[in-house]
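Read off the chains here:
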Amino acid sequence: MRGAQESQAGSEEPLEKVYSGRVEFEIRSAFDEAGKQAVELYGFGDLRHGMVGFRPGGEIAFTLPGHEYGRAEIVEKVEAMLH
């Protein structure tokens, strides 16, 4: 998430602000025990990183494996999750 924001620094509002009160963004480590389990659970495999969107009830709304995505892909997934 931070990479997508930093690449847009100065030109667009951070997504945490855009979706304030509607979406909570949280960055977690992929290298502690919980992170290693999450990598396995969400199918990120050797990429070891990714983004997971959850609905309020805890169901998975989307996954974006790795880091090969940017703000546009994140916004698309978040908007679909909200509607």
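Residues numbered from 1 in each chain as written. Predicted model: local features only at pLDDT ≥ 70, side-chain atom pairs only at ≥ 80, totals over all residues. Heavy atoms only, no water.

A.B. asks: Tell me about the packing of aromatic side chains, residues and numbers included.
C.D. replies: Scanning the entire structure with this criterion turns up three aromatic pairs. Between the aromatic rings of Tyr19 and Phe25, the centroid separation amounts to 6.5 Å while the plane-to-plane angle is 50°, which identifies the pairing as tilted. In this pair, the class of Tyr19 matches that of Phe25, namely buried. With a centroid separation of 6.2 Å and an interplanar angle of 50°, the aromatic rings of Tyr42 and Phe44 are classed as tilted. Using a relative accessible area of 22% as the deciding quantity, one classes Tyr42 as partly exposed. What makes Phe44 buried here is its relative accessible area of 7%. (Phe/Tyr/Trp six-rings, centres within 6.5 Å; stacked < 30°, edge-to-face > 60°. Buried < 20%, exposed > 50% of the residue type's maximum accessible area, 1.4 Å probe, protein only.)

A.B. asks: Run through the nonpolar core, naming residues and quoting values.
C.D. replies: By size, the foremost hydrophobic cluster in this structure holds eleven residues: Leu15, Tyr19, Val23, Phe25, Met51, Phe62, Leu64, Tyr69, Ile74, Val78 and Met81. For this core, the elements supplying multiple residues, two or more each, are strand 2 (60-65) and helix 4 (71-82). With three residues, the single largest contributor to this core is helix 4. (Core = buried A, V, L, I, M, F, W, Y, C linked by side-chain atoms within 4.5 Å. Helix = DSSP H or I, 4+ residues; strand = E, 2+ residues; numbered from the N terminus.)

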